[in-house]
Amino acid sequence: MMSFWQNFWWLVRRLFIGMAFITAIAIITPFTPIFANISVFLLDSFSFLTIKDADKPSTLVVLGGGLTKKNGEIILNHYSQSRADKAISYYKTTPIIIITSGVESPWLQDYLRSKLQHSTPPIIISDNASMNTCENAVFTTKLLKHHELPKSIYLITDRYHMARARRQFARMGINTLPQPAPLSIPLTWTNTKNNLVHSRRAMYEIAALARDVFRPQNNCRTSNQISLKEISMPRRKAKIFF
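Being a predicted model, the structure only gives us computed values, none of them experimental. (Residues numbered from 1 in each chain as written. Predicted model: local features only at pLDDT ≥ 70, side-chain atom pairs only at ≥ 80, totals over all residues. Heavy atoms only, no water.)

## Details of the pairing of strand 5 (residues 124–127)
Thinking step 1. What you see with strand 5 is no split at all: Ile124 and Ser126 on one side and Ile125 and Asp127 on the other are buried throughout.
Thinking step 2. As paired elements, strand 4 (residues 97–101) and strand 5 share four bridges and run parallel to each other. By the bridge assignment, Ile98 is partnered in strand 5 with Ile124.
Thinking step 3. Note on the crossover from strand 4 through helix 4 (residues 105–115) to strand 5: the handedness is right-handed. (Buried < 20%, exposed > 50% of the residue type's maximum accessible area, 1.4 Å probe, protein only. Helix = DSSP H or I, 4+ residues; strand = E, 2+ residues; numbered from the N terminus. Pairing = 2+ DSSP bridges. Right-handed = clockwise from strand over helix to strand, strands pointing away.)

Written as structure tokens, this is what we have:
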């Protein structure tokens with residue numbers, strides 16, 4: 001009988017130690033690069049298993065990531081700017097048509113043209129109406145069809161958002177080849193605050209992807225609900241994200 005209770009309490013202690021260890025890891029890892037990198041691996045694995053890569057894309061699609069305000073002026077926030085910088089870097093080596101998608105498009109266009117003024121002048125088509133990732137895909141698809149462009153694109157967004165964005169485009173019949181834009185805030189082992197920004201971004205996108213799969217959002221307008229004219233013109237005052 002004593003042997004049974006000794007074994008029982010030994011097992012309980014081991015379970016407690018194991019749970020404490022797992023809890024400690026779960027609490028600590030978001031403050032390190034580990035959590036963000038594992039999250040990206042899982043998100044990329046989802047895309048690898050469910051989405052086919054585009055073959056020879058001919059258009060570069062840049063998704064807006066928000067706006068902010070500085071010295072009283074509305075400007076691209078760090079998400080949008082990093083994506084624009086990625087587009088600029090790619091365009092300088094491979095000049096192709098650029099589509100900007102989102103209410104940030106006027107600011108994205110200004111930024112792209114200012115940085116590419118010494119390069120081949122870019123052809124930029126804008127979707128100014130999209131207010132979420134689903135609409136990015138819907139309205140970009142409408143623009144591709146209107147301009148008779150192939151349904152094969154390079155897609156630029158951050159690496160955490162990429163899996164969810166690619167899935168939305170795939171649902172519209174658009175094949176994508178990812179061109180992830182690095183966040184302006186680097187992952188390091190010494191800056192826990194930066195790491196936590198990445199971890200929060202990763203957690204949000206994992207949750208949002210799960211939502212899209214199991215309970216799709218109901219605030220995504222269809223291509224029939226908005227005209228090409230509305231898509232091509234800014235529809236509202238810029239939303240500011242701090």
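## Structural notes on the nonpolar core
Thinking step 1. The biggest cluster of nonpolar side chains holds 21 residues, and the ones touching the most others in it are Val61, Ile153, Leu155 and Phe169.
Thinking step 2. At the level of secondary structure, the elements contributing two or more residues to this core comprise strand 1 (59–63), helix 5 (133–146), strand 6 (152–156) and helix 6 (162–171).
Thinking step 3. The element contributing the most residues to this core is helix 5, with six residues.
Thinking step 4. Apart from the residues lying within four places of it in its own chain, the contact partners of Phe169 are Val61, Leu63, Asn136, Ala137, Thr140, Ile153, Leu155, Ile174 and Thr176.
Thinking step 5. Judged by nonpolar contacts, the second largest core, of 19 residues, contains Ala87, Tyr91, Tyr111 and Ile156. (Core = buried A, V, L, I, M, F, W, Y, C linked by side-chain atoms within 4.5 Å. Contact = heavy atoms within 4.5 Å.)

## Focus: the packing of aromatic side chains
Thinking step 1. By the definition in use, this model includes one aromatic pair.
Thinking step 2. Measuring from ring centre to ring centre gives 4.8 Å for Tyr90 and Tyr154, while their planes differ by 50°; the resulting arrangement is tilted. Of this pair, Tyr90 sits in helix 3 (residues 78–93) while Tyr154 sits in strand 6, and the two are 64 residues apart along the sequence. For the pair Tyr90 and Tyr154, one class covers both residues: buried.
Thinking step 3. Directly above the aromatic system of Tyr79 lies the positively charged group of Arg201, at a separation of 4.9 Å from the ring centroid. (Phe/Tyr/Trp six-rings, centres within 6.5 Å; stacked < 30°, edge-to-face > 60°. Lys NZ or Arg CZ within 6 Å of the ring centre and 35° of its normal.)

## Re helix 5
Thinking step 1. The end-to-end C-alpha distance of helix 5 is 20 Å, a good match for the 20 Å that 14 residues give at a rise of 1.5 Å each.
Thinking step 2. Of all the positions in helix 5, only Thr133, Cys134, Glu135, Asn136, Ala137, Val138, Phe139, Thr140, Thr141, Leu143 and Leu144 are classed as buried.
Thinking step 3. For helix 5, the elements touching its buried residues are strand 1, strand 4, strand 5, strand 6, helix 6 and helix 8 (228–232).
Thinking step 4. A side-chain oxygen of the first residue of helix 5 lies 3.3 Å from the backbone nitrogen of Cys134; this N-cap is Asn132.
Thinking step 5. Phi for Glu148, located one or two positions after helix 5, is positive at around 55°. (Expected span 1.5 Å × (residues − 1). Polar contact = N/O pair within 3.5 Å; in protein donor to acceptor, adjacent residues only side chain to side chain.)

## Regarding the state of the cysteines
Thinking step 1. Throughout the structure, instances matching the rule amount to one disulfide.
Thinking step 2. Note on cysteine connectivity: Cys134 is disulfide-linked to Cys220, with sulfurs 2.0 Å apart. The disulfide joining Cys134 to Cys220 has a torsion of about -80° about its S-S bond and is therefore left-handed. Here Cys134 is found in helix 5, whereas its partner Cys220 is found in the loop between helix 7 (192–214) and helix 8, with 86 residues between them in sequence. Considered together, Cys134 and Cys220 belong to a single accessibility category, that of buried residues. (Disulfide = S-S within 2.5 Å.)

## Topic: the environment of Ser101
Thinking step 1. Here Ser101 lies in strand 4.
Thinking step 2. Residues Ser101 and Asn128, 27 residues apart in the sequence, show an inter-C-alpha distance of 6.3 Å.
Thinking step 3. At a separation of 2.6 Å, a polar atom in the side chain of Ser101 contacts the side chain of Asp127.
Thinking step 4. Here the side chain of Ser101 touches Thr140 through a polar contact of 3.5 Å, side chain to side chain.

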